[in-house]
Amino acid sequence: MAKKISLRQCVGCGEMKDKKEMMRVLKSADGLVSLDMTGRKNGRGAYLCKNGACLSKARKNKGLDRSFKMRIPDEIYENLEKEFEEGRHEADTGEG
């Protein structure tokens, strides 16, 4: 029997992709929003494609705001952009 592929929708572009091809943004129980590199941390998750354009689209169309049912402050988006760049750098170099 074939293994089931877990599809998730990007909150930026709206495309359905394999969960492994996406980055998970996490809202923890205490309301902190961060990037979940492992995809296994506890909390509410939203998914983004692994490119900065989708993070920009999610910011513009308030995709994360809708997913987490709260207003996401600009400083959180800025932190996500930094984490996103660091995560992509680690993936490119094989670090992390």
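Residues numbered from 1 in each chain as written. Predicted model: local features only at pLDDT ≥ 70, side-chain atom pairs only at ≥ 80, totals over all residues. Heavy atoms only, no water.

Here the focus is the overall build of the chain. Looking only at helices and strands, the chain features three helices and five strands. Seen in sequence order, the chain has helices and strands lined up from the N terminus as β-β-β-β-β-α-α-α. Against the globule reference of 12 Å for 96 residues, the chain gives a C-alpha radius of gyration of 13 Å, in line with a compact fold. Each of the three principal axes of the chain carries a C-alpha extent, and together these read 45 × 30 × 25 Å. Split into buried and exposed, the 96 residues of the chain put 31% on the buried side. Entry remark: accessible area of the chain is about 6,600 Å², with carbon and sulfur atoms responsible for 49%. (Helix = DSSP H or I, 4+ residues; strand = E, 2+ residues; numbered from the N terminus. Rg over C-alpha atoms; globule rule 2.2 N^0.38 Å. Buried < 20%, exposed > 50% of the residue type's maximum accessible area, 1.4 Å probe, protein only. Areas by Shrake-Rupley, 256 points an atom, 1.4 Å probe, with all protein chains shown as cover.)

The set of residues buried in helix H1 (residues 52-60) consists of Cys 54, Leu 55 and Ala 58. For H1, the arc enclosing every buried residue in end-on projection is 105°, short of the 170-degree limit, so these residues lie on one face. Phi for Lys 62, located one or two positions after H1, is positive at around 60°. (Arc of directions from axis to C-beta.)

The final tally for this structure, using the stated rule, is three salt bridges. A salt bridge links Arg 59 to Glu 81; the nearest nitrogen and oxygen atoms lie 3.2 Å apart. Of the two residues, Arg 59 sits in helix H1 while Glu 81 sits in helix H3 (residues 74-93), which places them 22 residues apart along the sequence. Ionic contacts of the salt-bridge type, sharing partners, join the residues Arg 59, Asp 74 and Glu 81 into one network. (Salt bridge = Lys/Arg side-chain N within 4 Å of Asp/Glu carboxyl O.)

Another point: the nonpolar core. In terms of nonpolar packing, the biggest core is built from 21 residues, with Val 25, Val 33, Leu 48, Leu 64, Phe 68, Ile 72 and Leu 80 touching the most fellow members. Secondary structure elements with two or more residues in this core: strand E3 (22-27), strand E4 (33-36), strand E5 (44-49), H1, helix H2 (63-68) and H3. (Core = buried A, V, L, I, M, F, W, Y, C linked by side-chain atoms within 4.5 Å.)

All we've got here are geometric facts, nothing functional implied.
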